[in-house]
Amino acid sequence: MKQRKILAGIVAAGAVVTMLAGCSSASGGSDSGSVTLGYMGWVPKADEAVAIWNEAHPDIQVEYSPVANGQEAYPKIRSSVQAGNAGCLAQLTYDQVPSFVADGMLLDVTDETADVADTFLDWTWSQVSPGGKTYAIPQDTGPVALYYRADLFEQYGIDVPATWDDFAAAAEQVHAADPEVTLSYLATDDSSTVAAYAWQRGASWFSIDGDSWKVGIDDAASLESAEYWQGLLDSGAIATTKRWDPGFYSELASGKYLSMIGAAWNTALITANVGDTAGAWRVAPMPTDGDSTDTANSGGSAVAVLKGCEHPEQAVEFATWLNSSEESLDILAASDGGGLYPAATEALDYDVVNQADDFFGGQNLNEVFKESAQNVNTSWAWGPTYSSTDTALTDGLSKVATGSSTLPDLMGSLQDSTLSDMEDRGISAIPAD
Amino acid sequence: MTAAPLIDRRAGSELRPALRRRPTRFRGAILMFTVPFMALFVFVYVAPIIYSVVQSLFATQSSGLGFGEPEQVFVGAANYAKALGDTEFWAALGRILLFGIVQVPVMLGGALLLALLLDSAAARWVSVYRVLYFLPYAVPGVIAAVLWAYLYSPALSPFVAWGDSMGIDLDFLGPNVVLWSMANITTWVFMGYNLLIILSSLQAIPRDQFEAARLDGASEWRIAWSIKVPQVRPALVLTGVNSIIGTLQLFNEPQVMHVIADAVSSSYVPTMLAMGAAFVKNDFGYASAVSVLLAIVAGLISIVYYRIAMRSDA
C-alpha cells in the first residue's frame, strides 16, 4: 500500500519535472567531439546545401530550421535568443544587423573571422561589422535591376526606361492605354526597396560622426525620391500592392504589372512563382536619376552568430563555407535554387552565377547585376534602432496606400520617430543637416 | 486527584487525534493531489505575472553609438506613463473595444438564437446541427484566419471575383471594413462553441416547466423568452466573460490580416503592439507594461459585465 503511494508520488512529481524541463530544453548539445549547430534562415533550398555539409562533416552537424521571410522571421529569432534556445546561426538582412548588435543578440566573432574577411566584398564586410567588430558572415547582396515582361512591353509599345523620367513617362503611357494595368507597383510591405530608391539618389539615412549618429531619413535625396513616387501614385500611374501577399504572384502572372523593380534575389522567386510566363521575362539595369550611373542595393543577407552560441568557431566555419564555396553556391545561387547573388568576391565568376537563363529568354542576368553591384554607393550604413524604423516605415507605407499619409510626410515622421527611439535608448544622435 | 487528568487526557486523546491525525494520515495524498497543481499554477501563472510586473518597471539602455552591451535600468512607472501617453496604444484599445461592443452581442445573440431553435420542440437532426455548428471551432485559430484571408484577398477571393463580374466593387480589407471582416472570422469560429455551452444549459432545464407553460397557453416564443432565457443566464454570463477576454486578446486575425491588408498596421491591436515592442524594438519593459494594462482593462470590464449581468432584477 505504502509503496504504491510512494510510487504514485514519484510518478506525479516526475510528470511535473518533465513538463517544466520541457520549457527550457537547451540548444545543441555537444557529445564527445561532435557539435550541433542550429541555423535559421529562409533561402529557398538552403536545406540541400546544409545536407551536403552534414554529409562531409560528421563532427559539425547543422540543424537547419526554415523560418518565414525577413520581417516575419525576426520576432521568432529574437525570442529564441531571449529564451536561450536559438542554436548558433540566423539569417539577417543587413539592415537588421546593427539593431541586433545594439540589442545584445549577436556574438562578437571578430577573432574567429579574421582570416575570412577578404573572402567577401569589402562593403558587405562593413555591413556585418557595425562599430568595428564583426558579428556575421555576408551571404548575398541585392543589386537592384528592372525585371520586365518583354512581351507586354512590346504590346504596349514601351522601350525599356533608362532613367526615372523615362520610367514615369512609360508609366503614364501604360496607365492611359489600360487603367487596369500598371507599369510597376510600390510594395507597401517591401521597405527595403523604398530605402533603395533613396539610397540610389545619394541619401544617407545613418552615418557616424565622432561618438554620435547623424540621421538623415528626410534629407534632400530621400525627399526627392519620396516626391517622385508620390507623384506617380497620385496620378494613378503606379499602384500599391503587398508583395508578400499570396495574391501578389497571381497579379504578376496575370500581367497586371509589366515590370518589377527589385534586387537580384527576386530571380528565384519569380522563376518559382510565375512559371506560366517563362521566357517572357528580361532584366534591365535599374532606371537612373538623369545622367548618374548610381544604382542601389535592396536587402541581401548575412548569416549572424547568435548570442549563446557555444561553438562560434565551427559556426563561422560552416557559414563561410555556406556563403562562399562553389559546392554550396551551386545550390544557393542557382536561379532555380536559392537565387542569391553571392557576397563572396570570387563567387561572381562561378559558372552558376553566369548561366544563360531560359526563363529570361536565354539572358545571362549577371551581366546586369554585376554592373548594378559595381555602381552601388557602398558607404550606406544602417542605424542601431533601424528594426523599429523599418516597422514604422512599413506601417507608414500602408498609410500611404490607404491615402492617410504621403511619402514625403512619412519621411519626416520617420526621421522624428527614429531620433526619439535613439534618444529613448540612450544612444547619441543628431539630425543630419 | 490523579483521575481527573487521566480523564482529561483520555477525552483529549479521543477528540484531538480526530482533528489532528486526519491531516497527518492523509498528508501524503493531499500533497500528491495538490502539489502538481500548485507547482504548475505557480510556475506558469503566478511567476509570469510577477515577472511581467517586475519587467514593466525596467527599460533597456545603451550609450554612445549603441553597440555596447545594453543594460536594464529601473525606470519606475515610466513605461506605464509612456503607454498612457501613446496614441497608438489608445487607438489599438479603442479598436478592440469597438470590436467587442459589436461582435460579442452579435455572436452571443446568434448563439442563443440557434441554441433556442435546436432546443425547441420542433427541432430535428439536433445532434447533426450541433456538430456542424461546432465544426469551425475545431479549425485552429491561425488556420481559420488564413482561410478567410484567401477569401478576402482582392487577387484571390472568389467573392471579389464574383462581385467584379456583377459590377460590384467588394473590398473586405478597406480601412473601415477590415475590423468587421475580422469580426466575421471570430464569429464564425466561436459562435458554435458558445452555442454548445448555452444549449447544454438549456437542456438541463426540467421539461415539465415547458409542459406547464403550454397548458397555461404560452406560445413557444413566450416559453423561450420567459422561461428558457432567464434560466440560461449563468451560461450567457460565462460565455460573455470569455468572449470579452477573448476580444481583448484578439491576435490571430489581425496578425494574419496584417500581411494582406494595408489598413492593419503592426500595432493594430494591443497584443500586436506588445509583441512588436518586445520582439522588434526589444523593449520588453514597454511590452510588459502594455500587457499589464490590458490585463487590468480585461479584469475591470469583466467585473462590470458580471455585476450587470448577475444583478437580480426581480
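Given the structure is predicted, the values throughout are model-derived calculations rather than measurements.

## Some words on the nonpolar core
(1) Moving on: Membership of the largest hydrophobic core comes to 145 residues, with the highest contact counts inside it found for Phe167(A), Trp205(A), Trp229(A) and Phe318(A).
(2) Moving on: Formed jointly, this core draws a minimum of three residues from each of two domains, domain 1 (33-141 + 299-353) and domain 2 (144-298 + 364-431) of chain A.
(3) Moving on: For Trp229(A), the contacting residues outside a window of four places in its chain are Trp164(A), Phe167(A), Tyr185(A), Leu186(A), Tyr197(A), Ile238(A), Ile261(A) and Leu407(A).
(4) Moving on: Leu173(B), Met182(B), Leu248(B) and Val290(B) belong to the second largest nonpolar core, which has 45 residues in total.

## Focus on a negative patch on the surface
(1) Moving on: Where like charges cluster on the molecular surface, the negative patch consists of Glu180(A), Asp164(B), Asp169(B) and Asp171(B).
(2) Moving on: Here Glu180(A) lies in the loop between helix 7 (164-177) and strand 7 (185-187).
(3) Moving on: With a relative accessible area of 65%, Glu180(A) lands in the exposed category.

## Some details on the interface of chain B and chain A
(1) Moving on: Counting residues at the interface gives 38 residues for chain B, matched by 52 residues for chain A.
(2) Moving on: Among the ionic pairs, Lys307(A) bridges to Glu69(B), the shortest N-O distance being 3.3 Å.
(3) Moving on: At the junction of chain B with chain A, the criterion picks out 11 residue pairs in polar contact (both at pLDDT 80 or more).
(4) Moving on: Of all the secondary structure elements, the ones that give two or more residues to the side of chain B that touches chain A are helix 1 (3-55), strand 1 (58-61) and helix 11 (252-260) of chain B.
(5) Moving on: Among the elements that take part in the side of chain B that touches chain A, helix 1 of chain B stands out by supplying 6 residues, more than any other.
(6) Moving on: In terms of residue class, the side of chain B that touches chain A is built from 19 nonpolar, 14 polar and 5 charged.

## Regarding the domain arrangement of chain B
Reports often express the size of an interface as the amount of accessible area lost when the parts come together.
(1) Moving on: Segmentation of chain B into domains returns domain 1 (3-55) and domain 2 (78-310).
(2) Moving on: One C-alpha centre belongs to domain 1 of chain B, the other to domain 2 of chain B; they are set 42 Å apart.

## A few points about the pairing of strand 1 (residues 35-41) of chain A
Residue and element names in this part refer to chain A.
(1) Moving on: Counting buried residues along strand 1, 6 of its 7 residues qualify, which places the element largely inside the surrounding structure.
(2) Moving on: This β-α-β element, strand 1 to helix 2 (residues 46-56) to strand 2 (residues 60-66), shows right-handed connectivity.
(3) Moving on: Pairing analysis gives 2 bridges linking strand 1 to strand 3 (residues 89-93), with the strands arranged parallel. Each residue of the ladder has a partner; that of Tyr39, found in strand 3, is Leu89.

## Considerations on the UniProt feature "transmembrane region" (unreviewed entry) in chain B
Residues and elements named next belong to chain B.
(1) Moving on: Taking the numbering used here, the UniProt-annotated feature "transmembrane region" (unreviewed entry) corresponds to residues 29-51, 96-119, 131-151, 177-199 and 286-306.
(2) Moving on: Secondary structure within residues 96-119 divides into 100% helix and 0% strand; the distance between the first and last C-alpha atoms comes to 33 Å.
(3) Moving on: In residues 177-199, the share of helix is 96% and the share of strand is 0%. The end C-alpha atoms are 32 Å apart.

## Description of the UniProt feature "domain: ABC transmembrane type-1" (unreviewed entry) in chain B
(1) Moving on: In the UniProt entry, the feature "domain: ABC transmembrane type-1" (unreviewed entry) is given for residues 93-305 of chain B.
(2) Moving on: Helix makes up 77% of residues 93-305 of chain B and strand 0%, and the two end C-alpha atoms of the span are 18 Å apart.

## Thoughts on the state of the cysteines
All names here are of chain A.
(1) Moving on: Under the criterion given, the structure shown has 1 disulfide over all chains.
(2) Moving on: Here Cys88 pairs with Cys309 through a disulfide, and the sulfurs are 1.9 Å apart. On the sign convention where negative means left-handed, the S-S torsion of about 80 degrees between Cys88 and Cys309 marks this disulfide as right-handed. One end of the pair, Cys88, is in the loop between helix 3 (74-83) and strand 3; the other, Cys309, is in the loop between strand 13 (301-305) and helix 12 (312-324), with 221 residues separating them in the sequence.

Each value, and the rule that gives it
Residues numbered from 1 in each chain as written. Chains lettered and ligands numbered in written order. Predicted model: local features only at pLDDT ≥ 70, side-chain atom pairs only at ≥ 80, totals over all residues. Heavy atoms only, no water. Core = buried A, V, L, I, M, F, W, Y, C linked by side-chain atoms within 4.5 Å. Buried < 20%, exposed > 50% of the residue type's maximum accessible area, 1.4 Å probe, protein only. Domains from an automatic or database assignment. Contact = heavy atoms within 4.5 Å. Patch = residues over 30% accessible without salt bridge, like charges linked within 9 Å, V, L, I, M, F, W, Y side chains within 5 Å. Areas by Shrake-Rupley, 256 points an atom, 1.4 Å probe, with all protein chains shown as cover. Salt bridge = Lys/Arg side-chain N within 4 Å of Asp/Glu carboxyl O. Lys, Arg positive; Asp, Glu negative; His and termini not counted. Charge placed at Lys NZ, Arg CZ, Asp CG, Glu CD. Helix = DSSP H or I, 4+ residues; strand = E, 2+ residues; numbered from the N terminus. Polar contact = N/O pair within 3.5 Å; in protein donor to acceptor, adjacent residues only side chain to side chain. Nonpolar A, V, L, I, M, F, W, Y, C, P; charged D, E, K, R; others polar. Right-handed = clockwise from strand over helix to strand, strands pointing away. Pairing = 2+ DSSP bridges. UniProt positions renumbered as here; feature names shortened; annotations may be inferred. Disulfide = S-S within 2.5 Å.

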